[in-house]
Amino acid sequence: MTITLTGGIIAAIGTIGPGVGIGLIGAKAVEAIGRNPDAQGKIIPIMIVSMGFAEALAIYSLVFAFLK
Amino acid sequence: MTATLAPDTLFTIGSFPITNTVVDTLLVDALIFALVIYINKNISVIPTFFQTIIELAAEQFHSLTESTAGENTKKIFPFVMTFFLFIFIANYSELLPVITGVTVKGAPLIRSTSSDLNTTLALALISIVATHTMGIRTTGFKAYLARFFSTNPIALFSGLLELVSEFTKIISFSFRLFGNIFVGGIILASITAVFAFVLPSVVMFYEMFVGFIQALIFALLTMAFMSIFTTAHSGIE
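Since the structure is predicted, the reported quantities are computational estimates derived from the model, not experimental observations. (Residues numbered from 1 in each chain as written. Chains lettered and ligands numbered in written order. Predicted model: local features only at pLDDT ≥ 70, side-chain atom pairs only at ≥ 80, totals over all residues.)

Scanning chain B from N- to C-terminus turns up seven helices and four strands. Considering only C-alpha atoms, chain B reaches an extent of 65 × 50 × 40 Å along its principal axes. Considering only contacts within chain B whose residues lie at least 6 apart along the sequence, 68% involve residues at least 24 apart. (Helix = DSSP H or I, 4+ residues; strand = E, 2+ residues; numbered from the N terminus. Contact = placed C-beta atoms within 7 Å.)

Below you can see the structure in the form of structure tokens.
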């Protein structure tokens, strides 16, 4: 597997948006737990699933990076 | 090292190519059948350890489907559980220790079936077509059409947008699963070629986590869309 410049640029630009998104999801989840610590068992699975959605968008660009 | 998008053909039966992902699909099917037969032979009222785990998973999914869908749980639950089981075992089949090292003519014998765009596209199509068919059967054809087309211009506009988003759902479903597992396989192969000891197990742990989450996301999204389509559409009144 060769490492190319185009692949690197594709992967770098494609990860900016999902990175911000995952950070915001985590921040809101932690804030919600801070307000209501008893709801922890309900908030954390939803947070994990939402992070899975956001991460998939980064994976879309990673596929094209690996193919270059 | 499979950095190719398309899987390698091992041999052909007639004009149908048998690729290494087809071999993996057969392996996953065999595993699921063996699981079903084993559970059914030793079923008992006081469950053993294995039966408890299966009952736990099935019950969690059933209660989750019931809280989302309500009355249509009987139709929706089989789809959800089947998608989850198949995709879960298919995602984990790329982590099997010995079998994945066997090569036939230079190409690996087994490549995870969800790292093939054909499989994920087929699963996405099955999910969307089943959702629409279930919607037509449950609410009737007129209510199904009223979801997309109506006389109110604003509702008509949003209905057409929803129609387009049905197609993007197919692309999103297939590429999410394909991208995660395909890239995971490549990363695992690359790391194992460079480091021999500690780092591959860390990456493998991450791959186990991702495999579970992606199977869960596919099943949960299917369940959400099916429950949306089987309840009456509340338009702009």
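From this point on, the discussion continues.
On to the overall build of chain A. When helices and strands are tallied, chain A shows three helices and zero strands. Moving toward the C terminus, one meets the helices and strands of chain A in the order α-α-α. Taking 2.2 N^0.38 as the reference for a compact globule, 68 residues should give roughly 11 Å; the C-alpha atoms of chain A span a radius of gyration of 16 Å, well beyond that estimate. The dimensions of chain A, computed from C-alpha atoms along their principal axes, are 50 × 15 × 15 Å. Counting across all 68 residues of chain A, residues that qualify as buried make up 12%. Partitioning the intrachain contacts of chain A with sequence separation of at least 6 by distance along the chain shows that 81% fall at a separation of at least 24. (Rg over C-alpha atoms; globule rule 2.2 N^0.38 Å. Buried ≥ 20, exposed ≤ 12 C-beta atoms within 10 Å, placed from the backbone.)

Mapped onto the elements, B:Glu59 comes out in helix H2 (residues 49-69). Each C-alpha atom, one on B:Glu59 and one on B:Thr48, is 16 Å from the other, the two residues being eleven residues apart in sequence.

The next point concerns the interface of chain A and chain B. At the interface, twelve residues of chain A touch 16 residues of chain B. Its residues assigned to classes, the side of chain A that touches chain B comprises eleven nonpolar, one polar and no charged. (Nonpolar A, V, L, I, M, F, W, Y, C, P; charged D, E, K, R; others polar.)

Residue and element names in this part refer to chain B. At a closest axis distance of 9 Å, the pairing of H2 and helix H7 (residues 199-230) adopts a crossing angle of 35 degrees. Regarding H2 and H7, the two cross each other, and that crossing is right-handed. Within the contact between the two elements, H2 uses Thr65, Thr68 and Ala69 and H7 uses Met223, Ala224, Met226, Ser227 and Thr230. Across the contact of H2 with H7, the residue classes tally to four nonpolar, four polar and no charged. (Axes fitted to C-alpha atoms, helices over the stretch in contact; angles between N-to-C directions. Left-handed = near helix turned anticlockwise from the far one by under 90°.)

Let us look at the nonpolar core. In this structure, B:Phe83, B:Phe84, B:Ile87, B:Phe218 and B:Ala219 are the most contacted members of the largest nonpolar core, which totals 32 residues. Of all the secondary-structure elements, those providing two or more residues to this core are helix H3 (40-67) of chain A together with helix H3 (73-92), helix H4 (117-139), helix H6 (153-194) and H7 of chain B. Here the element with the most residues in this core is H3(B); it accounts for nine residues. In this structure B:Ala219 touches B:Val80, B:Phe83 and B:Phe84, once residues within four positions along its chain are discounted. (Core = buried A, V, L, I, M, F, W, Y, C linked by C-beta atoms within 7 Å.)

Now for the pairing of strand E1 (residues 9-13) of chain B. Residues and elements named next belong to chain B. Of all five residues making up E1, only zero are buried, and the element is barely covered by its neighbours. Across four bridges, E1 lies against strand E2 (residues 16-19) in antiparallel orientation. Looking at the pairing, Ile13 lines up with Phe16 of E2. Counted between consecutive antiparallel strands, the loop separating E1 from E2 contains two residues, among which Gly14 sits at a positive phi close to 70 degrees. (Pairing = 2+ DSSP bridges.)

Axes are the key here: two packed helices are described by the angle between their axes and the distance separating the axes. All names here are of chain B. Across the interface, H2 lies against H3 with an axial gap of 10 Å and an inter-helix angle of 135 degrees. One element, H2, and the other, H3, form an angle in the oblique class. Every pair of crossing elements has a handedness; the one defined by H2 and H3 is right-handed. Residues Ala58, Phe61, His62, Thr65, Glu66 and Ala69 of H2 lie in contact with H3, whose contacting residues are Thr73, Ile76, Phe77, Val80, Met81 and Phe84. Here the residues of the contact of H2 with H3 are counted per class, giving eight nonpolar, three polar and one charged. (Parallel < 35°, antiparallel > 145°, perpendicular 65-115°, else oblique.)

For chain B, mean pLDDT is 86; residues scoring 70 or higher make up 97% of the total. The ipTM for the predicted assembly is 0.73, set against a pTM of 0.86. (pLDDT = per-residue confidence, 0-100.)

Residue and element names in this part refer to chain B. Relative to the elements of secondary structure, Lys74 occurs in helix H3. Classification of Lys74 by C-beta neighbours within 10 Å gives exposed; the count is 10. Counting along the chain gives eleven residues from Lys74 to Ser63, while the straight-line C-alpha distance between them is 12 Å.

What follows covers H3(A). The α-helix advances 3.6 residues per turn, and as a result positions three or four apart in sequence lie on the same side. When the terminal C-alpha atoms of H3(A) are compared, their 40 Å separation across 28 residues agrees well with the 40 Å that a helix rising 1.5 Å per residue should span. When H3(A) is considered as a whole, its buried residues turn out to be A:Gly52, A:Glu55, A:Ala56, A:Ile59, A:Leu62, A:Val63 and A:Ala65. The inward-facing, buried residues of H3(A) abut helix H1 (5-14) and helix H2 (16-35) of chain A together with H6 and H7 of chain B. (Expected span 1.5 Å × (residues − 1).)

Across chain A, pLDDT averages 88, with 97% of residues at or above 70. Per-element confidence in chain A is highest for H2(A), whose mean pLDDT is 95, and lowest for H3(A), whose mean pLDDT is 86.

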